[in-house]
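Secondary and tertiary structure notes
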Amino acid sequence: ILEAVFDGKGGCNFLFAGVYRDDNMSNEHPLSAKLSNLRQSQSVHVTDIDLSSFTKRDISEIIANELRLPSRVVSELGDIVHKKTSGHIFYAVELLNALVRDSTIYFSLKTRRFQWCWEKICSLKTSDSVAQFMVSTFSTLEPEVLQMLRLLSCFGLHTDVDVLDILDASCVAPFDGIRTPLQNLSDLGFIEVAGGLVRFTHDLIQQHVYESIELEQRRTFHIEIGLFLGWKVSTSRTSSDASSLEGAVGKMYISESKSQGSVITERSLLSIATDHINHAGPEFVEQSERKSFAVWNLEVGKELSARCDFGCALHYYEQGIAFVGNEVWVDECDTNGKYFCLDLYEGAAEAASAIRNDTKVKHYTNVIIRNVPLDNSLPAWITLISSLESNGRHLEILEKGIKLIQLLNIDIPPPPPSPTAVMESMATTTIAASQYDINLILSTNQSKTDRHQRNVLRLFDAITVAAYSVSSPYLPLLTFAMVRYSLKNHIHETESAFAFAGFGYFHIVFKQDYVRGKYWADVALGILKQKRAISATVRVEWLVHGHILMWFSPLKETSRKLFETYHLSMQVGDFRTAMFSLNLSTRFAVFEGENLQILSRSIGSNLKNMLKHNSECAKLAVLDAVMVDEIRGEDSTPFAVFDGLFLNDDDLMKDALLKKNMNLLSNIYLRRFFSVS
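All figures in this text were calculated on a predicted structure; none of them were measured in a lab.

1. Regarding the packing of helix α29 (residues 575-591) against helix α31 (residues 615-632)
Put simply, α29 and α31 touch, their axes get as near as 10 Å, and they point 15° apart. On the basis of the axis angle, α29 is roughly parallel to α31. Seen along the crossing, α29 lies across α31 with a hand that is left-handed. Listed contacts from α31 to R576, M579, F580, N583, T586, R587 and V590 of α29 are C617, L620, A621, D624, M627, V628 and I631. Partitioned by chemical class, the residues of the contact of α29 with α31 number 9 nonpolar, 2 polar and 3 charged.

Written as structure tokens, this is what we have:
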């Protein structure tokens, strides 16, 4: 059309008006070439009218005129509207209309003037259309401001002002410092600075800026940021080894920061530095530097594991493994590298176990087991066994566990164990234990158990849990072997306390010797008082109160103690012990004559929670619920919690027989006995 009208041959007068955004039109655009030709034409007169964005004052005057208010009253409102719309008049009008529609700006009959809700005004979000408009203006930014914007985009949607202050002296910061470009970006509406944080006003802005940086330059940005922040951490320590990040974690006060009382911990700074190195990736890092960056990931992973943030911890462990690679396992000369790599794989396996990612648990533990000696692979075995236990694979645990114990040269009969072997083992253990009294046991406890011995105890403990779940004849054999091992090595950790309590329990079960049973229960409780570790004592409390001291205490007191153990177990995250404690507490409450209606409601309210954390305990609780409701003469529907998987105790019986779960079988028969009675 333009060519037909402006070809200069028509001899007619014609006024043509057009609007376009010059920041959105490159030299290759067809309209750009056409306008250039028109400007050079002798027969066409072209007038350019440059319409720039409105200033803060312009926006304030428009608002003042529309609301019939003085400019000084609406100046702050005008500043916010200008910032959220970049002075674009169409977006400003659209925003103001929206504020009127939702009554953020409203007419007050009391004051007879327009007012607005300042909290809503301040919390306004930049719209998608405004963000896209702002993105189109990047080419007009000053080089220093654009560099600052690119630097910010490498941190994601927000970052700490104090971190930027640290980077002020780095090569990635603008030459004249960060403060002026930050203020310019804030004035233009790209970012907001508040509460010590710098935030992009819209994720589209951050995304576009970040993606506009060439991949090579982007990686360079991340490497430079990571190295500079990591150097700040290493130079704040007294150690001369910049790659060694072990030891006490202090706090680094940033004196250059302009925010009052600001403190950045070394750990948080190290985490930020590590994130940037990880963004660049191992392939962009020199081979000689990769181990140092793997150390960073290991340290951050340990810190997150200590805070129970296992999902994030797993990410850092895996990043560290990526930096190390698989070559370290096959390098016979790199012994230190192998043990360092072992820490990464152990951390990854334990973090994966905590979030129930069984596939990764199996992968990382198997890598360890294949590449390191048995003594050093015990923690991996323990993690693998815990993962198998959470999936109810108790028989597999026993098969693997008994072989492991025999490889450790600990005396335990080969399968299948006979009753004679069990009683002989108990006799041997009783003779060994007779050389100690309770005071001697507690006084000869080592001040610190070495790592290997502690791992052996933990391995025993994990296998014993599986043996209990299927009522294996190896349960007493494991208990007796653990008692002998503890006494021989003078190590009395909380795992030993569990074995001593079990020893007392079997004195009652096998010999009806209640005196010796209580004696060993007192030994276990004495060890717990010395250790003062709640997370490791709950299972001992469950065994002592639920299976030994129940013979010496009123049923109501036993029920109360077990209910307390349930709450403690939930607090420390031992859901299995929590569910077993609640289950036993309910049983004793029934036997001591608790109000059955209240008890039925209590069981029902906990069924879903039990099923979430431990399905085996939920099955036992359902049987208790059926038993209580049958005693009350009420119809019972607790099996509904299984959503059709189990409809009655016949279905539970089939499941128990399939898994050889003797504990569940005995409880089914107990429930039927009460039903018949």
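2. Side note on a nonpolar patch on the surface
A contiguous nonpolar patch, built from M423, V509 and F510 and spanning about 210 Å² of accessible area, is present on the exposed surface. Position of V509 among the secondary structure elements: in helix α25 (residues 494-511).

3. Overview of the sheet that holds strand β4 (residues 191-194)
Picture the strands of a sheet paired through backbone hydrogen bonds; they go either parallel or antiparallel. Across the sheet, which stays open at both edges, the 3 strands sit in the order β3-β5-β4 with antiparallel pairing between neighbours. What marks the edges here is a single partner per strand, and that holds for β3 (158-160) and β4. Taken over all neighbouring pairs, the strand axes of this sheet differ in orientation by 20° on average, direction set aside. Where β3 and strand β5 (residues 197-200) come together, 3 bridges link them in antiparallel fashion. Residue pairing in the sheet places D160 in a bridge with L197 of β5.

4. With respect to unusual backbone geometry
Residues other than glycine seldom take positive phi values, yet C308 does so here, at roughly 65°. Unusually for a residue other than glycine, S471 sits at a positive phi of about 50°.

5. Remarks on the side chain of S186
With respect to the helices and strands, the residue S186 is situated in helix α10 (residues 179-188). In this structure S186 comes out as buried when scored by relative accessible area, which is 11%. In this structure, S186 is in contact with K83 and I191, ignoring residues within four places of it in sequence.

6. Side note on the environment of L96
Examined against the element boundaries, L96 turns out to sit in helix α5 (residues 89-101). The spacing of L96 and I63 is 33 residues in sequence and 8.5 Å in space, taken between C-alpha atoms. Among residues more than four places away in sequence, those in contact with L96 are I63, V81 and I105.

7. A word on helix α23 (residues 451-469)
Three- or four-residue spacings in an α-helix give side chains the same orientation, since the helix completes a turn every 3.6 residues. For α23, spanning 19 residues, the distance from its first C-alpha to its last is 27 Å, which sits close to the expected 27 Å at 1.5 Å a residue. Once α23 finishes, S471 follows within two positions and takes phi at roughly 50°, a positive value.

Parameters and conventions
Residues numbered from 1 in each chain as written. Predicted model: local features only at pLDDT ≥ 70, side-chain atom pairs only at ≥ 80, totals over all residues. Heavy atoms only, no water. Axes fitted to C-alpha atoms, helices over the stretch in contact; angles between N-to-C directions. Helix = DSSP H or I, 4+ residues; strand = E, 2+ residues; numbered from the N terminus. Parallel < 35°, antiparallel > 145°, perpendicular 65-115°, else oblique. Left-handed = near helix turned anticlockwise from the far one by under 90°. Contact = heavy atoms within 4.5 Å. Nonpolar A, V, L, I, M, F, W, Y, C, P; charged D, E, K, R; others polar. Patch = residues over 30% accessible without salt bridge, like charges linked within 9 Å, V, L, I, M, F, W, Y side chains within 5 Å. Areas by Shrake-Rupley, 256 points an atom, 1.4 Å probe, with all protein chains shown as cover. Salt bridge = Lys/Arg side-chain N within 4 Å of Asp/Glu carboxyl O. Pairing = 2+ DSSP bridges. Buried < 20%, exposed > 50% of the residue type's maximum accessible area, 1.4 Å probe, protein only. Expected span 1.5 Å × (residues − 1).

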